[in-house]
Every structure is written in structure tokens, then in C-alpha cells.
Amino acid sequence: MTNSRIAGPRDWRRAFTQAMLLASSAAALAALPGCGGSDDAPVPSPAPAPAPATALQCDDSMKTAFTPDANTSVLLVHAFKQGDSLALSGTATSPTPPVASSDLCLVKLLVGPGSAGTAGAPSTSPGIGIEVWLPSSANWNERIRNLGGGGWAGGSQASSTLIGNVAAAATAAAGFVVGTTDTGHSVSSGSFAMREDGGINSTLWTDFAERSLHELALKTKALTQAYYLKSQKYAYWQGCSTGGRQGYKIAQEHPEDYDGYVNEAPAFNWTRFITSELYPQVVAQRDLGGNLTTAQLGRSSALRRSARATR
């Protein structure tokens, strides 16, 4: 049987004394200066606070100041004063363009890499063109309202002489930051989708279908932050037909891009939709020899009117 003894008062006093001696020794050691140091060594000063960011200006300085990523460049910056004609240098002024109803800043961006090829070919693209209209700081309502495209959604957003969406300026004059995109091509047809060698242009298909839409949201938000030195409270998407399809695509793939959507008449099911548009042309060329008589055209118009009346 192992011997054991219950600790008495003397044992507790001895243990307490030893603990106090150890604590005193530790405090004394902590008070000693470090190697080569002294008790009155200077306390390091805190790191200086970063200098406040400088807001982007609506001039060519933005071309070097705004660099959100390696693929993005600023093509053009133009300040419009209230009453200015909404046209760029070199633009034909017939018909007469509208005028700015308030001070606005137009910024054109290009997001690469695009699609290499022969200059002027539909499948050749320098990248995704983006236009952003910025109202003055005093007029900004702290909201973004990006607009969708129609049809094949090509445009002049990457042009240095043409404005891609003049109508967006009216929305910006109401206080919104407004962005639009050419979805990666300037042509108004689907010819961009095929490469010159007859293969599928998967790069521009991807830009058209999804990438350009996400980049529009990212770049509009980044430019807003840099221009006003604060982010938007809300970001909205509005589009009809192709723009409606675009809105649904963004909501599905990048739900964080916008806080709200207005998706009107979305053009879905393109494999059936575009084929059905093409079929009448096949019939006209194959069965009618490419010629429609006045009577046939009249009959076609009557059928369309009848179909609308029964809806």
C-alpha cells in the first residue's frame, strides 16, 4: 500500500511562499532592459496614415489614373457642359444630336483581349467596348443604372468619334451613373460569331453572351468609386429583348452584380428563335426564286394583322 499524507497548513504556507517568490522574480526580469537597450529607449512612432485618395478628373489624366486591371484601358474622356451638343469631334451632326441637360462626363473603356484577325473583318475585335456616363457629384443620386442592348447588341462604345448610346445621357442627367456595352463587337449582325477560317469564334460568343455583361458591372462600379470616392448605394439593370435576356443571364451567373433588375420581353431560346427568323428567307429564296409579288406581300401583311388581332 502506497503511503500518502494529507497536506497540512504548513504545506500550504510553503507552497504559497514559493509562488510569491517566483512571481517577484518574473516581475524583476521583465523590468530589466533588453540587450543593448535602456529603460528610456524611444517608443517607435506609429506608421503615418495613408494619404487620402484623389478623385478622378474628367479629362485625359484619367487615361493613366484609372487602371482597374491589366486588360482595361481608357480610350476617351469627354466633359459635356449643360447645353452642349452630345456629339464627339468628327461626328456627323445630321440629324442634329440632342443637347446635354446637365453637366456630364463620358468615359469610354476597352476591356481586352478581344479577337485577333484581319482589320475590318466582323470577327476581329480589340475587346469589349464600354461607355459610362457620370453625372456631376452634386447631381449624383448614388445609384448605378446600367442599360442592356438590342438585337446582336453591337455598337460604337469603343469608337473615338461616335457615341454608342446617346439616350443613356438622359438617364445620367437624371442623376444615375449609366453604363452600356457593345458586348465585344461593333457589327449589328451575328457575323462576328464565325472566324475568317469558318470556325466558331468562341471568344466573341463568350463576350457577347456573358463576359461583357459582368465586365460592365465591374468596371462601372470601379469607375464610380474612383470618380466620387465612394461606392454606389444601389446598382440596377434595365433591358428589353436582348437586354432582358442579358438581365436574366447576369442574375443567374453573377447575382452580386446588381441589386435589382427590370428585364422586359427577354429574347430567350436563340437556337429556335434565330432559326425561325431565318426560315422565311430560306422559303423566299428556295421556293419563290427570291421574288415576292405585290399580292404575296399583301397577303403576308394581312396574315400578320390577323395574328395580332387574335392575341
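Keep in mind the model is a prediction, meaning the values are calculated, not measured.

**Considerations on the overall build of the protein chain**
Then comes step 1: Within the protein chain, the secondary structure is distributed over 7 helices and 7 strands.
Then comes step 2: Per-residue burial for the protein chain yields a buried fraction of 33% across its 311 residues.

**Some details on the state of the cysteines**
Two cysteines whose sulfur atoms are joined by a covalent bond form what is called a disulfide.
Then comes step 1: Scanning the model with the defined rule gives 1 disulfide in all.
Then comes step 2: Disulfide pairing is shown between cysteine 58 and cysteine 105; the S-S distance is 2.1 Å. When the S-S torsion is 100 degrees, as for the bridge of cysteine 58 with cysteine 105, the disulfide is right-handed. One end of the pair, cysteine 58, is in the loop between helix H1 (9–31) and helix H2 (62–65); the other, cysteine 105, is in strand E2 (residues 104–111), with 47 residues separating them in the sequence.

**Brief notes about the packing of aromatic side chains**
Then comes step 1: Across all of its chains, the model carries 16 aromatic pairs by this definition.
Then comes step 2: Consider the rings of tryptophan 152 and tryptophan 270, whose centres lie 4.9 Å apart with planes at 80 degrees: the pair is edge-to-face. Residue tryptophan 152 is found in the loop between strand E4 (143–147) and helix H3 (168–173), and its partner tryptophan 270 is found in helix H6 (residues 270–286); the two are separated by 118 residues along the sequence.
Then comes step 3: Taken together, the ring pairs connect Trp152, Phe192, Trp205, Phe208, Trp270 and Phe273 into an aromatic cluster.

**A word on the confidence of the model for the protein chain**
Then comes step 1: Confidence in the prediction of the protein chain, expressed as mean pLDDT, is 85, and 79% of residues score 70 or more.
Then comes step 2: Contacts from residues 1–10, a stretch scored under 50 in pLDDT, to residues over four places away or in other chains number 2 contacts.
Then comes step 3: In this model, residues 19–43 is a region of pLDDT below 50 whose contacts with residues beyond four sequence positions or in other chains number 3 contacts.

**Observations concerning the nonpolar core**
Then comes step 1: By size, the foremost hydrophobic cluster in this structure holds 27 residues, and its most contacted members are Met62, Phe66, Val107, Leu134 and Leu223.
Then comes step 2: Secondary structure elements with two or more residues in this core: strand E1 (72–80), E2, strand E3 (128–135), helix H4 (202–228) and strand E6 (234–240).
Then comes step 3: Looking at this core, the element that brings in the most residues is H4, giving 7 residues.
Then comes step 4: Setting aside residues no more than four positions away along its own chain, valine 107 makes contact with Met62, Val74, Leu76, Val77, Ile130, Glu131, Val132, Leu134 and Leu223.

**Observations regarding the environment of threonine 124**
Then comes step 1: Relative to the helices and strands, threonine 124 resides in the loop between E2 and E3.
Then comes step 2: A C-alpha to C-alpha distance of 7.7 Å links threonine 124 and glycine 114, two positions 10 residues apart in sequence.
Then comes step 3: Non-local contacts of threonine 124, meaning those with residues more than four positions away in its chain, are made with Ser115, Ala116, Gly117, Thr118 and Glu196.

**Thoughts on helix H5 (residues 242–253)**
Then comes step 1: In this model H5 runs 16 Å from its N-terminal to its C-terminal C-alpha over 12 residues, within 8% of the 16 Å that 1.5 Å per residue would give.
Then comes step 2: Residues of H5 that are buried: Thr242, Gly243, Gly244, Arg245, Gln246, Gly247 and Ile250.
Then comes step 3: Considering only its buried residues, H5 is in contact with H4, E6, strand E7 (260–264) and H6.

**Examining the sheet that holds E2**
Then comes step 1: The sheet built from 4 strands is open, its strands ordered E1-E2-E3-E5 with antiparallel pairing. One side of each edge strand has no neighbouring strand; the edge strands of this open sheet are E1 and strand E5 (178–181). Going across the sheet, the axis of each strand differs from the next one's by a mean of 15 degrees, ignoring polarity.
Then comes step 2: Across 8 bridges, E2 lies against E3 in antiparallel orientation. Each bridged residue has a counterpart across the sheet, and for valine 107 the counterpart in E3 is valine 132.

Rules used throughout
Residues numbered from 1 in each chain as written. Predicted model: local features only at pLDDT ≥ 70, side-chain atom pairs only at ≥ 80, totals over all residues. Heavy atoms only, no water. Helix = DSSP H or I, 4+ residues; strand = E, 2+ residues; numbered from the N terminus. Buried < 20%, exposed > 50% of the residue type's maximum accessible area, 1.4 Å probe, protein only. Disulfide = S-S within 2.5 Å. Phe/Tyr/Trp six-rings, centres within 6.5 Å; stacked < 30°, edge-to-face > 60°. pLDDT = per-residue confidence, 0-100. Contact = heavy atoms within 4.5 Å. Core = buried A, V, L, I, M, F, W, Y, C linked by side-chain atoms within 4.5 Å. Expected span 1.5 Å × (residues − 1). Pairing = 2+ DSSP bridges. Axes fitted to C-alpha atoms, helices over the stretch in contact; angles between N-to-C directions.

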